[in-house]
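Coordinates in review
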Amino acid sequence: MLLQGRRGLVFGVANDKSIAWAIARRAVEQGAHVGLSYGDERLERRARPLAESIGAPLLRCDVNDDAQIDAAFEAFGAPIDFVVHSLAYAERDDLTGRFVDTSRAGFRTALEVSAFSFVALARRAVARMNDGGSLLTLSYYGAEKAVPGYGVMGPAKAALEASVRYLAAELGPQGVRVNAVSAGPIKTLAAAGIPGFREMLRQAASVAPLRRGVTAEEVADAALFLLSDLGRAVTGEVLHVDGGYHVLGGAAGGEGEG
Ligand SMILES: NC(=O)c1ccc[n+]([C@@H]2O[C@H](COP(=O)([O-])OP(=O)(O)OC[C@H]3O[C@@H](n4cnc5c(N)ncnc54)[C@H](O)[C@@H]3O)[C@@H](O)[C@H]2O)c1
């Protein structure tokens, strides 16, 4: 049991397709006590049975609200060994339009919800970590390259990945590791908001070196490595779980050969 006796909070459960849910389930299977957090009251109906099925307390937390973040950490209690940040948001208009037309408010929203919130959660977590710990977030290739349809989420994920490095450098001396998993496209609620997502999914699966897409369970396995002692010497890392898609150069715009 890789997480026996560890306590961790997992943020970003919307439904049973959520990457957060796959990670929470895997952590519980490996002996962790997990608190599950959802962002929007409309999601409670779906999140509650999931939480109950793994014996996890369910905590509402809109990461735009400091009081709700504090309340979630208070409710879960200390100590904390790990936190998973599996959430992001951008206004639909800022994903469907041209990137150059991104509004000031839309840019701020995407960066605040998708990147700053990781820093806000890290601050609360570290104050409750007795003996080191592991912080993990979820990113995407659009942080590194301009991916059609990803719009303002690209710069938001770039800020998130830079935050991973800054947090890792700062918190390492306390034994706190900070990493990201950069996942290939997976059909989830958040993904449904990305224009051309189906095409993204199809293209990634056809050209990725492994010639297939990835699943939330495969992302959860990589997360388990980073959350547990298996990853004890790894920090500041962005681990790609994308069938190798990110190593491609010119082929990323083309098609595979079967
Ligand atoms: N699905 C993919 O293809 C894919 C690929 C790479 C990375 N990711 C990343 O994985 C993470 C999880 O997304 P997912 O695909 O599981 O989709 P999802 O829709 O299941 O999860 C996204 C979560 O973000 C939450 N959220 C949005 N705004 C919030 C707020 N203000 N406060 C609290 N929570 C808020 C939503 O409630 C939802 O639970 C995101 O960071 C996403 O960018 C997804």
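Right, let's walk through the structure included here.

Calculation criteria
Residues numbered from 1 in each chain as written. Predicted model: local features only at pLDDT ≥ 70, side-chain atom pairs only at ≥ 80, totals over all residues. Heavy atoms only, no water. Phe/Tyr/Trp six-rings, centres within 6.5 Å; stacked < 30°, edge-to-face > 60°. Lys NZ or Arg CZ within 6 Å of the ring centre and 35° of its normal. Helix = DSSP H or I, 4+ residues; strand = E, 2+ residues; numbered from the N terminus. Buried < 20%, exposed > 50% of the residue type's maximum accessible area, 1.4 Å probe, protein only. Pairing = 2+ DSSP bridges. Right-handed = clockwise from strand over helix to strand, strands pointing away. Axes fitted to C-alpha atoms, helices over the stretch in contact; angles between N-to-C directions. Left-handed = near helix turned anticlockwise from the far one by under 90°. Contact = heavy atoms within 4.5 Å. Nonpolar A, V, L, I, M, F, W, Y, C, P; charged D, E, K, R; others polar. Expected span 1.5 Å × (residues − 1). Bend = angle between axes of the 7 residues up to and from the residue. Near = heavy atom within 4 Å. Polar contact = N/O pair within 3.5 Å; in protein donor to acceptor, adjacent residues only side chain to side chain.

1. Points about the packing of aromatic side chains
Under the criterion given, the structure shown has 3 aromatic pairs. When the ring centre of Phe76 is taken as origin, the NZ or CZ atom of Arg7, which lies over that ring, is 4.2 Å away.

2. Considerations on the environment of Arg108
Here Arg108 shows up in helix H5 (residues 104-126). Spatially, the C-alpha atoms of Arg108 and Ala90 are 9.2 Å apart, while their sequence positions differ by 18 residues.

3. Points about the pairing of strand E5 (residues 133-139)
Burial analysis of E5 places 7 of its 7 residues in the buried class, the great majority of the element. Of the two faces of E5, both are covered, the one formed by Gly133, Leu135, Thr137 and Ser139 as well as the one formed by Ser134, Leu136 and Leu138. Two strands pair when backbone bridges link them, and strand E4 (residues 82-85) and E5 are joined in this way by 4 bridges, in the parallel orientation. When the sheet's bridge partners are listed, Val83 is paired in E5 with Leu135. Of the pairings in the sheet, the one linking E5 to strand E6 (residues 176-183) comprises 7 bridges and is parallel in character. Note that in E6 the partner of Ser139 across the bridge is Ser182. A crossover connection joins E5 to the parallel E6 through helix H6 (residues 153-171); in handedness this β-α-β unit is right-handed.

4. Focus: the packing of helix H3 (residues 66-76) against H5
For the pair H3 and H5, interaxial distance at closest approach is 11 Å and the crossing angle is 35 degrees. Crossing of H3 over H5 shows right-handed handedness. In contact with Asp66, Ile69, Asp70 and Phe73 of H3, H5 contributes Ala120, Leu121, Arg124 and Ala125. A per-class count over the contact of H3 with H5 returns 5 nonpolar, no polar and 3 charged.

5. So, H5
Its 23 residues place the ends of H5 31 Å apart at the C-alpha level, agreeing with the 33 Å of an ideal helix rising 1.5 Å per residue. Of all the bends in H5, the largest measures some 40 degrees and sits at Phe116.

6. Here we look at the site of the ligand
Residues in contact with the ligand amount to 29 residues; listed here are only the nearest, Ser18, Lys157, Ile186, Thr188 and Ala190. One nitrogen or oxygen atom from the main chain of Gly12 is found 2.9 Å from an oxygen atom belonging to the ligand. Within the backbone of Leu87, an N or O atom sits 3.2 Å from an oxygen atom of the ligand. Those elements that place two or more of their residues in the shell around the ligand are E5 and helix H7 (189-192). Among the elements that make up the shell around the ligand, the one with the highest residue count is H7 (3 residues). Each residue belonging to the shell around the ligand can be placed in one class, and the counts come to 19 nonpolar, 8 polar and 2 charged.

7. Some words on the sheet that holds strand E2 (residues 33-38)
Strand order across the open sheet formed by 7 strands is E3-E2-E1-E4-E5-E6-E7, with parallel pairing between neighbours. Edge positions in the sheet fall to strand E3 (58-60) and strand E7 (238-241), since each of these pairs with one other strand and no more. When strand polarity is set aside, the average angle formed by the axes of neighbouring strands in this sheet is 20 degrees. Along the sheet face, H5 touches strand E1 (7-11), E4, E5 and E6 and points at about 170 degrees away from the line of E4.

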